Amino acid sequence: MTNKKTSLGGVLLEALAVLCMVLILIPVVWMVSMSLKTEGQQITNTWQYFTPPYTLQNYSTIFQTSKVLIWMWNSLFVALVVTGLVIVISTMAAFALAKIPFRFSKFMYFFFLMGLMVPTEATIVPLFVTANRLGLIDTYQGLILPALAGSMNIVIMRSFFRGIPNDLIESATIDGANEMYIFLHIILPLGRTVIVTIAIFTFIGNWNSYLWPYLAAMSEDLFTLPLGIPTFIGQYTQDKVLPMTINTIASVPIIIFFIVFEKQIVKGITLSGIKG
């Protein structure tokens, strides 16, 4: 009887998982299918959204009539630079908070925790005013520098680094290692999983960022993809075909990125939860 109950529960759980997967995939499939439709094609029923005829002409039109390659480069450049700088700053700050005793370290950690309670929208106005006074509006620096200020990454890494045995650090110190050597040769290798996870989520978050780039980027040549897509829709078409085409183009890099680093993401989240 127990086995039957367990088997029935497992079947129901798998059925629920498949249902959730289908519900998530339907909009993605619809987007890709629409990107392959002919512009202006009449749709009389739902099934026709997913059936032939298909064409790749829409992708050629997108690349020829819009600045999608410039927008994609801007998104990639900003996301990569922000990710690299965030990893450098966050790992060093987290190492100091977790393993280097100094005065007011607990207060500083509490300060970072308090930062998590402040919504991003509440800082937009003073951030824009400050960036404008510094001449950062409509520049790459204006897109990159504000994205570096975040507490979540430091809090997560600190929790992970605190789980690294102090015996390793003490042994290295006895052998004459300084803090920089310990950071580079002990902390970073042992924290590689959580660092990769933070890097992936930072990259994705900045690739999809909209609110701050919307305020900081004035010229179209500085737009990122999330800014360029609505502009493209308003300027070039009212049909669903080309908007879905450019959305498909924008989604491909992130999908590939996630597929490549899927194991690191899952492993990093698991280990971060255990260490925390």
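Because the structure is a prediction, the values reported are computed rather than measured.

Remarks on the overall build of the chain
Along the chain, the regular secondary structure elements total 14 helices and 0 strands. Scanning the chain from its N terminus toward the C terminus, one meets helices and strands in the order α-α-α-α-α-α-α-α-α-α-α-α-α-α. The C-alpha atoms of the chain give a radius of gyration of 24 Å, which is well past the 19 Å a tight globule of 276 residues would have. Dimensions of the chain, computed from the C-alpha atoms along their principal axes, are close to 75 × 70 × 35 Å. Per-residue burial for the chain yields a buried fraction of 35% across its 276 residues. Sequence-distant contacts in the chain: of pairs separated by 6 or more residues, those separated by 24 or more amount to 75%.

Observations concerning helix α9 (residues 179-190)
Taking 1.5 Å of rise per residue, 12 residues should cover 16 Å, and α9 covers 15 Å from first to last C-alpha, within 8% of that figure. Of the residues making up α9, those classed as buried are Ile182, Phe183, Ile186 and Ile187. Down the axis, α9 shows its buried residues gathered within 125 degrees of arc, on one side only. Structurally, α9 contributes buried residues whose contacts are with α3 (68-99), α7 (152-162) and α8 (166-174).

Looking at the environment of Ile254
Along the chain, Ile254 falls in helix α13 (residues 241-260). Given a relative accessible area of 15%, Ile254 falls into the buried group. Taking the C-alpha atoms as reference points, Ile254 and Thr83, separated by 171 residues in sequence, lie 14 Å from one another. Residue contacts for Ile254: discarding those within four places in its chain leaves Phe203, Ile204 and Trp207.

With respect to a nonpolar patch on the surface
A surface patch of nonpolar side chains, about 1,000 Å² in accessible area, is lined by Leu13, Leu16, Val18, Leu19, Met21, Val22, Leu23, Leu25, Ile26, Val28, Val29 and Val32. Looking at the secondary structure, you find Val32 in helix α1 (residues 2-35). Residue Val32 is classed as partly exposed on the basis of its relative accessible area of 34%.

Comments concerning the packing of α3 against helix α10 (residues 192-207)
Orientation of α3 relative to α10, taken along the N-to-C sense of each, is 145 degrees, at an axis distance of 8 Å. Crossing angle aside, the handedness with which α3 passes α10 is right-handed. Residues Met72, Ser75, Leu76, Ala79, Leu80, Val82, Thr83, Val86, Ile87 and Thr91 of α3 lie in contact with α10, whose contacting residues are Ile195, Ile198, Ala199, Thr202, Phe203, Asn206 and Trp207. Classifying every residue of the contact of α3 with α10 gives 12 nonpolar, 5 polar and no charged.

Quick look at the packing of aromatic side chains
Applying the stated rule across the entire model yields 7 aromatic pairs. With a centroid separation of 6.1 Å and an interplanar angle of 25 degrees, the aromatic rings of Phe203 and Trp207 are classed as stacked. With Phe203 and Trp207 both in helix α10 and 4 residues apart, this pair spans about one turn of that helix. Judged by its relative accessible area of 6%, Phe203 falls in the buried class. Here the aromatic residues Trp73, Phe77 and Tyr140 are joined through ring pairs into a cluster of three or more. Note that Arg158 overlies the ring of Tyr109, its terminal NZ or CZ placed 3.6 Å from the centroid.

Considering the packing of α7 against α10
Remark: α7 packs on α10, axes separated minimally by 10 Å, with the N-to-C direction vectors making an angle of 165 degrees. Between α7 and α10, the angle falls in the class roughly antiparallel. Note on packing geometry: the crossing formed by α7 with α10 is right-handed. Side by side, α7 and α10 meet where Asn153, Ile156, Met157 and Phe160 of the first sit next to Val194, Ile195, Ile198 and Thr202 of the second.

Some thoughts on helix α4 (residues 105-115)
Looking only at α4, the buried set comprises Ser105, Tyr109 and Phe112. Taken end-on, α4 shows its buried residues confined to a sector of 55 degrees, consistent with a single buried face. Exposed residues lying more than 90 degrees from the buried face of α4 are Lys106, Phe107 and Phe111. Buried residues belonging to α4 abut α3 and α7.

Observations concerning the side chain of Thr91
Among the structural elements, Thr91 can be located in helix α3. Other than its neighbours up to four places away in sequence, Thr91 contacts Val86, Met157, Phe161, Phe183, Leu188 and Ile195.

A few points about the environment of Phe112
Relative to the assigned elements, Phe112 resides in helix α4. In this structure the C-alpha to C-alpha distance between Phe112 and Ile164, which are 52 residues apart in sequence, comes to 21 Å. Once residues within four sequence positions are removed from consideration, Phe112 is found in contact with Leu97, Ser151, Ile154 and Val155.

Rules behind the numbers
- Residues numbered from 1 in each chain as written.
- Predicted model: local features only at pLDDT ≥ 70, side-chain atom pairs only at ≥ 80, totals over all residues.
- Heavy atoms only, no water.
- Helix = DSSP H or I, 4+ residues; strand = E, 2+ residues; numbered from the N terminus.
- Rg over C-alpha atoms; globule rule 2.2 N^0.38 Å.
- Buried < 20%, exposed > 50% of the residue type's maximum accessible area, 1.4 Å probe, protein only.
- Contact = heavy atoms within 4.5 Å.
- Expected span 1.5 Å × (residues − 1).
- Arc of directions from axis to C-beta.
- Patch = residues over 30% accessible without salt bridge, like charges linked within 9 Å, V, L, I, M, F, W, Y side chains within 5 Å.
- Areas by Shrake-Rupley, 256 points an atom, 1.4 Å probe, with all protein chains shown as cover.
- Salt bridge = Lys/Arg side-chain N within 4 Å of Asp/Glu carboxyl O.
- Axes fitted to C-alpha atoms, helices over the stretch in contact; angles between N-to-C directions.
- Left-handed = near helix turned anticlockwise from the far one by under 90°.
- Nonpolar A, V, L, I, M, F, W, Y, C, P; charged D, E, K, R; others polar.
- Phe/Tyr/Trp six-rings, centres within 6.5 Å; stacked < 30°, edge-to-face > 60°.
- Lys NZ or Arg CZ within 6 Å of the ring centre and 35° of its normal.
- Parallel < 35°, antiparallel > 145°, perpendicular 65-115°, else oblique.

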